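What the coordinates show
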Amino acid sequence: MFESKNGSSSQAAGSCQTRPRSNERSPSSSSSSTHSVISIESGSVSPATVTRPDGENENLERRSTHHSLGPDMPVEPISSVVEIPDEVYDRLPPHRKLVIVSLLSFCSFLAPISSTSVLAATPEIAAEYATTGSIVNLVNALYMLFMGISPMFWGPLSQVYGRRIVTVITAVGFLICSMGTALAPNLGAFFVFRLLTAFEGTSFILLGAAVIGDIYRPTERGTATGWFMSGTLVGPAFGPFVGGIIVTYTSWRVIFWLQTGLAGLAAVGSYLLLPETIYHKRIDDLVGYSGIAKGKVLLGMINPWRVMRLWEYPNLLLTGIASASLVWNMYSLLTPIRYVLNPRYHLTTPMQGGLFYLAPGCGYLMGTFIGGRYADFIVKKYIKKRGVRIPEDRMYSALPFMGIVIPGCVLIYGWCVENDVGGIPLTVIVLFLQGVAQLFCFPSLNTYCLDVMPGRGAEVIAGNYAIRYLFACAGTAVVLPAINGIGVGWFSTISALFVFAGTVCAFVSIRWGRGWRAKVDARRKRRATRKILGEENGDLAGNDDPHGNRESGKSAAADAAQRSPLTTLETQERDKEEV
């Protein structure tokens, strides 16, 4: 369903804006024993290897580098572009990719539906724990906060250990925490298990996007991402509807027992159906280290600061803000529906209010069939126009929907509800249309994160999700007090302006993102080069002949370079922050 013809795909991938360098190692070759030296290139600082005649063919399933690194510095890209061989995307047949995307879409459905299914049960939960609705809503806001924090942990971990193991572990953790929420005897236990559920569940959203980047070519990712995103967006929309039905006829705890059952399916499916898709696990770079040295380098690899350091690229920061404006809009619309629409339209049960959530949910489903394909169409159009693929071109597909359709729908919704104009039909129509429009935006923005830094897609998308869910937390926390204070019309105006500002951020990234990436790459290269040259100069100074014999000094320096790594462990740790 998502596959394009191999010939056209290869041509598109081959027309990417960067070309393989002649001194890069071929992905189809390996060596059982090699010697590693540092080479400073235009795009990276990496071990330059010399392959011995007894080298064996490398398995395309995953690139292992432990044969060449030993105790020397692990492969650390400085450039935002890392070459991925085109053959990598043909490792799995189309039907297997379809199964993987379907599984990941189902898994990504869980954390978002949990974030909103409880909205319909807020009064009942507050009554059972003898607290107020504001306290329960605070838990929901913190749920979004933990959804924003967790990608900064799961992203680096998946780069080091792979997608499969992290997905399976977090699926089991989500299952346990869902069961704990259903059994929570008091507000404190409910509070803790809800937050842990958010922390575990967001990994599905992050790793699903990363897996799509692992198995699909850039010209195919938009379509696959559109189908995958249907789970992440339908969840928040259908959650309150399902929760409203459950609360109307039974206990609110059934919501979390249903979530537990779905989590069990996700855990079993991840274990049985999800293969390892990452091209290169960074843990392979640590073979040859031992003890404290390995621990220090590993901590640098999984440090959440790696994700935040990527915001040094202005295009990634601005794209994160653009995504955040959409998520802010989504949760600020969905969170108060029961409080805003039930009194105005004289609805009396949670199930009746929950029906309004079907409008944006159906919009998200409708957009699934079109939005991702449209993003891929725009990419191919600009490849033909320019002759090369520039990642920023993909975001052109989102601009009209972010800049016109969504702000217009939000303004109509807010002021018509405020002034009681149009009634239920108009409200349902604009909620549906903005839902469709969002599925024209999210596949474009998400896939850009995968395209812009090949080989580090999980960390880039983690930074994007961190920004968007932190804004979702803010939107969930302030929406009800703001509506009570200034009215739904003015709050919708603020949301519309925020989405328009996000459109400006996306446009600025399109216009200048390529130049920004080049400047940041050059700055990182200069910093890394100075560090390496400083280390080399220090080694040479320490091995100078005390009697001034220059030849003897050169010989000693050469011997020292062969006997010991060119960089100290401390320098390696500092270099982790460069990538």
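Residues numbered from 1 in each chain as written. Predicted model: local features only at pLDDT ≥ 70, side-chain atom pairs only at ≥ 80, totals over all residues. Heavy atoms only, no water.

1. Here's the deal with the overall build of the protein
Scanning the protein for helices and strands turns up 23 helices and three strands. Counting across all 579 residues of the protein, residues that qualify as buried make up 58%. Contacts in the protein between residues far apart in sequence, at least 24 positions, make up 84% of those at least 6 positions apart. Surface summary for the protein: the accessible area is close to 22400 Å², and the carbon and sulfur share equals 65%. (Helix = DSSP H or I, 4+ residues; strand = E, 2+ residues; numbered from the N terminus. Buried < 20%, exposed > 50% of the residue type's maximum accessible area, 1.4 Å probe, protein only. Contact = heavy atoms within 4.5 Å. Areas by Shrake-Rupley, 256 points an atom, 1.4 Å probe, with all protein chains shown as cover.)

2. Quick look at the packing of helix 3 (residues 94-108) against helix 9 (residues 187-215)
Relative to each other, helix 3 and helix 9 sit at 165°, their axes nearing to 9 Å. In this view, helix 3 runs roughly antiparallel relative to helix 9, as classed from their interaxial angle. Handedness of the helix 3/helix 9 crossing: left-handed. For the pair helix 3 and helix 9, contact is made by K97, I100, L104, C107 and S108 and by F204, I205, G208, V211 and I215, respectively. Residue classes in the contact of helix 3 with helix 9 are distributed as seven nonpolar, two polar and one charged. (Axes fitted to C-alpha atoms, helices over the stretch in contact; angles between N-to-C directions. Parallel < 35°, antiparallel > 145°, perpendicular 65-115°, else oblique. Left-handed = near helix turned anticlockwise from the far one by under 90°. Nonpolar A, V, L, I, M, F, W, Y, C, P; charged D, E, K, R; others polar.)

3. Regarding unusual backbone geometry
At A130, a residue that is not glycine, the phi angle is positive and equals roughly 55°. Positioned with a positive phi, D420 is a non-glycine residue whose angle comes to about 55°. Looking at where D420 falls in the secondary structure, it is placed in the loop between helix 18 (399-418) and helix 19 (423-452).

4. Quick notes on a nonpolar patch on the surface
A surface patch of nonpolar side chains, about 480 Å² in accessible area, is lined by V99, V268, Y271, L272 and L273. With four residues, the single largest contributor to the nonpolar patch is helix 11 (residues 253-273). Here Y271 is to be found in helix 11. (Patch = residues over 30% accessible without salt bridge, like charges linked within 9 Å, V, L, I, M, F, W, Y side chains within 5 Å. Salt bridge = Lys/Arg side-chain N within 4 Å of Asp/Glu carboxyl O.)

5. Regarding helix 4 (residues 110-117)
Most of helix 4 is tucked away, with eight of its eight residues classed as buried. Where helix 4 is concerned, the buried positions are L110, A111, P112, I113, S114, S115, T116 and S117.

6. Examining the nonpolar core
A general tendency of soluble globular proteins is for nonpolar side chains to be buried together. Counting residues in each nonpolar core, the largest one holds 107 residues, and the members touching the most others are M144, M147, L326, L341, Y413 and Y469. If you tally residues by element for this core, the top one is helix 19, at 13 residues. One finds A121, V139, A182 and I255 within the second-largest nonpolar core, a separate group that totals 16 residues. (Core = buried A, V, L, I, M, F, W, Y, C linked by side-chain atoms within 4.5 Å.)

7. Some details on the packing of helix 6 (residues 133-149) against helix 9
In the contact formed by helix 6 and helix 9, the axes pass within 8 Å of each other and the chain directions differ by 30°. In terms of their interaxial angle, helix 6 and helix 9 are classed as roughly parallel. Along this stretch, helix 6 crosses helix 9, giving a crossing that reads as right-handed. Residues I135, V139, N140, L142, Y143, F146, M147 and I149 of helix 6 touch helix 9, and the partners they reach there are L187, F190, F191, R194, L195, T197, A198, F199, T202 and I205. Grouping the constituent residues of the contact of helix 6 with helix 9 by class yields 14 nonpolar, three polar and one charged.

8. Comments concerning helix 3
For helix 3, which comprises 15 residues, the first-to-last C-alpha distance of 21 Å matches the rise-based estimate of 21 Å (1.5 Å per residue) to within 8%. Regarding helix 3, the residues found buried are K97, I100, V101, L103, L104, S105, C107 and S108. Of the surrounding elements, those touching the buried residues of helix 3 are helix 4, helix 9, helix 10 (221-249) and helix 11. (Expected span 1.5 Å × (residues − 1).)

9. Quick word on the environment of V478
Among the secondary structure elements, V478 is positioned in helix 20 (residues 457-486). Along the primary structure V478 and A141 are separated by 337 residues, whereas in three dimensions their C-alpha atoms are 9.1 Å apart. Ignoring anything within four residues of it in the chain, the contact list for V478 reads W328 and F491.

10. Brief notes about the pattern of salt bridges
The full count for this structure, using the stated rule, is 13 salt bridges. R217 is the partner of E220 in a salt bridge, and the nearest nitrogen-oxygen pair spans 3.9 Å. The salt bridge partner of D451 is R221, with a shortest N-O separation of 2.6 Å. Here D451 is found in helix 19, whereas its partner R221 is found in helix 10, with 230 residues between them in sequence. Considered together, D451 and R221 belong to a single accessibility category, that of buried residues. Three or more residues joined by partner-sharing salt bridges are found here, namely R221, D376, R394 and D451.

11. A closer look at the packing of aromatic side chains
Aromatic ring pairs: the centre-centre distance and the angle between the two ring planes describe each pair. Inspection of the entire model under this criterion finds 19 aromatic pairs. Ring geometry for Y129 against W252: centres 5.9 Å apart, planes inclined by 65°, an arrangement best described as edge-to-face. Remark: W252 occurs in the loop between helix 10 and helix 11 and Y129 occurs in the loop between helix 5 (122-128) and helix 6; sequence separation between them is 123 residues. Given the relative accessible area of 12%, Y129 is considered buried. On the basis of relative accessible area, W252 is assigned to the buried category, the value being 4%. For the ring pair W252 and F256, a centre distance of 6.0 Å and an interplane angle of 85° mean the geometry is edge-to-face. The rings of Y129, F190, W252 and F256 are connected pair by pair, giving a single aromatic cluster. Positioned above the aromatic ring of Y216, the side-chain terminus of K97 is 5.1 Å from the ring centre. It is R164 that lies over the ring of Y271; its NZ or CZ is 5.3 Å from the centre. (Phe/Tyr/Trp six-rings, centres within 6.5 Å; stacked < 30°, edge-to-face > 60°. Lys NZ or Arg CZ within 6 Å of the ring centre and 35° of its normal.)

12. Structural notes on the side chain of E200
Within the secondary structure layout, E200 lies in helix 9. Among buried charged residues, E200 stands out as having no salt bridge; its nearest opposite-charge side chain is R194, 14 Å away. Residues in contact with E200, not counting those within four places in the same chain, are W154, I169, T170, G173 and F174. (Lys, Arg positive; Asp, Glu negative; His and termini not counted.)

13. Observations regarding the confidence of the model for the protein
Atomic detail in the predicted coordinates should be set aside for any region of low pLDDT. Put simply, the protein has an average pLDDT of 78, and 78% of its residues get 70 or more. Low confidence marks residues 1-75, where pLDDT is under 50. Its contacts with residues over four positions away, or in another chain, come to 171 contacts. For residues 546-579, every residue scores under 50 in pLDDT, and the model assigns this stretch 54 contacts once sequence neighbours within four places are set aside. (pLDDT = per-residue confidence, 0-100.)

14. Describing the side chain of S115
In this fold, S115 is placed in helix 4. Under the relative-accessibility criterion, S115 is labelled buried at 4%. Apart from residues no more than four positions distant in its own chain, S115 is found in contact with Y143, M144, R194 and Y331.

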